[in-house]
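Structural overview
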Amino acid sequence: MFPKDAFPAIGGSDIFSSYKSAMDVTKHGKDMIQTGYDKYKSGIFRVSQLDGWHIIVSGRKYISELARAPNDVFSVTAALEERLFTKYLLGPTIISNPYHNELVRVNLTRSLSAIFADVKEEIVLAFKDNIPLTEGWTKVVVHRVMTQIVARASNRVFVGVPLCRNPEYLNLCINYALDISHDREVLNRFPGFLRPIVGRLTDVSKTIRLTQKHLEPIIEERQRKITEYGPDYPDKPEDLLSWLMDAAEGDERSPHKLTNRIIILNFAAIHSSSTTFTHALFHLAAEPKYLAPLRDEVETIVKEEGWSKTAMSKMHKLDSFLKESLRMNGSAVILTRKALVDFTFSDGTVIPKGTLISAAATPMHLDNEIYADAGVFNGFRFNGINGQGVESQFTSTNPDFISFGHGRHACPGRFFVANELKVMLAYTVLNYDVKMEKEGVRPANRWAGLGCVPDTKASVMFRRRQT
């Protein structure tokens, strides 16, 4: 609990009006965060949500201090548990023993060059399967198709061929996010003492069991080879499943626990990446003036470097285009944490233990004092800044750009995501012409509470590149 009136409320603050405000957040969350940002810029305010008060900070000072705080002060995992019931929906050891995060942060990032050819191959095959190269214009429901492509490319690295192309397995991984959203609402209706029972009956539990049927034979075969030939057996796959099996200890080696890790990593990878790419593709199709300069860059660099991680790192316009899209189309708040102890900011402001706290993201990313003409999409805004130094790259974070988080808990998989999305965009501009059904009109974003999603039913017109 926090002291009454400690921070100004956006909307009502008493028990009845705050409930109305919490309902308002579900429909007008972005606008309410913007109101708080405008009234208390570089300060702190609060909004009511159905599960309690949510403290929102803004400004470089507060964001930097929030991001620097260790996990035993401001906890990501405790915030996830409060909002997602992770103990029941993700499994208790996912939070208590998140060894997979280090594998993503270190092993996956170090292997980006080695796995590049596989990722690129899978992206090309997935595009050809989902968006054939036709002479005439073909209407494509973008979000659905990009979710399939991202799922295939990600699972090429997670579990390898042929499982990464299995439609049933891919749909289980894709639908897991929907299961979590549904089951969270179900669990929220039950008191705490009943949740362990209800948790075993959820859609999530069923999805994990079905996914295990696909993974268990692969896991058992790899375990057999480890037993027979040792941990570095001949032709051992270099994928995330192998890394998980190498790092797992005790019952974490079981097929069930390994399946749980794989599907959690899919949950983290598929929907965020497909949503990010859909947003960017909508910008490209609505403003085809970007096609020619992006094509020129991709063709020039591929001619010099071939298709490689090095080539991707030199595609500064492509990088800028993705970053600008991410700046304009992100969640209203990011850096969500739960205070495990009383915390005092450097200016003396106290955040009480138990507080759920986040940073205002969308208002800052659209602030004209931070970004010139912030409400206007400028695909090459970040091209050439600081000689395309680290600060301007798609994967960089700073207190003014927090789409990937910032500080200790910035997204560990963002370097893999960046490579994947760059290959997808490079392949698109080299091989297709694109335009909106209604030329020049980008589909409006949709908001679910504080989250921003593209129009999942909107189509883009594709055809084989003509020039």
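Each remark here, short or long, concerns the structure printed above.
All values derive from a computational prediction rather than experimental measurement.

Structural notes on the packing of helix α8 (residues 142–158) against helix α9 (residues 167–188)
- Where α8 contacts α9, the axes come no closer than 10 Å and their chain directions differ by 105 degrees. With respect to each other, α8 and α9 are oriented roughly perpendicular. The residues of α9 that touch α8, namely those facing Thr147, Gln148, Ala151, Arg152 and Asn155, are Tyr169, Leu170, Asn171 and Ile174.
- Taken together, the residues of the contact of α8 with α9 sort by class into four nonpolar, four polar and one charged.

Here's the deal with the environment of Asn107
- Counting through the fold element by element, Asn107 comes out in helix α6 (residues 99–110).
- With a relative accessible area of 26%, Asn107 lands in the partly exposed category.
- A C-alpha to C-alpha distance of 40 Å links Asn107 and Gly348, two positions 241 residues apart in sequence.
- Residue contacts for Asn107: discarding those within four places in its chain leaves Glu102 and Trp243.

Thoughts on the nonpolar core
- Counting residues in hydrophobic clusters, the biggest one holds 87 residues, and the most contacted among them are Phe127, Met146, Leu284, Met315, Met424 and Phe462.
- Sorting elements by how many residues they give to this core places helix α13 (residues 255–286) first, with 12 residues.
- Counting residues in each nonpolar core, the second largest holds 33 residues, with Ile33, Val47, Ala69 and Val73 among its members.

Brief notes about the packing of aromatic side chains
- Using the criterion set out here, one finds 16 aromatic pairs in the structure.
- Ring geometry for Tyr290 against Phe377: centres 5.8 Å apart, planes inclined by 85 degrees, an arrangement best described as edge-to-face. Of this pair, Tyr290 sits in the loop between α13 and α14 (291–305) while Phe377 is found in the loop between α17 (362–365) and α18 (414–431), placing the two residues 87 residues apart along the sequence.
- For Tyr290, a relative accessible area of 6% puts it in the buried group.
- With 5.3 Å between their ring centres and 90 degrees between their planes, Tyr432 and Phe462 make a pair best called edge-to-face. With a gap of 30 residues between them, Tyr432 in strand β10 (residues 432–436) and Phe462 in strand β13 (residues 459–464) connect regions that are remote in the sequence. Pair check on accessibility: Tyr432 and Phe462 agree, each one buried.
- Aromatic rings pair up to connect Tyr62, Phe74, Phe343 and Phe345 into one cluster.
- Between the NZ or CZ atom of Lys317 and the centre of the ring of Phe380, over which it lies, the distance is 5.7 Å.
- Just above the ring of Phe382 sits the side chain of Lys323; from NZ or CZ to the centre is 4.7 Å.

Parameters at a glance
- Residues numbered from 1 in each chain as written.
- Predicted model: local features only at pLDDT ≥ 70, side-chain atom pairs only at ≥ 80, totals over all residues.
- Heavy atoms only, no water.
- Axes fitted to C-alpha atoms, helices over the stretch in contact; angles between N-to-C directions.
- Helix = DSSP H or I, 4+ residues; strand = E, 2+ residues; numbered from the N terminus.
- Parallel < 35°, antiparallel > 145°, perpendicular 65-115°, else oblique.
- Contact = heavy atoms within 4.5 Å.
- Nonpolar A, V, L, I, M, F, W, Y, C, P; charged D, E, K, R; others polar.
- Buried < 20%, exposed > 50% of the residue type's maximum accessible area, 1.4 Å probe, protein only.
- Core = buried A, V, L, I, M, F, W, Y, C linked by side-chain atoms within 4.5 Å.
- Phe/Tyr/Trp six-rings, centres within 6.5 Å; stacked < 30°, edge-to-face > 60°.
- Lys NZ or Arg CZ within 6 Å of the ring centre and 35° of its normal.

What is shown is where atoms sit, not what they do.
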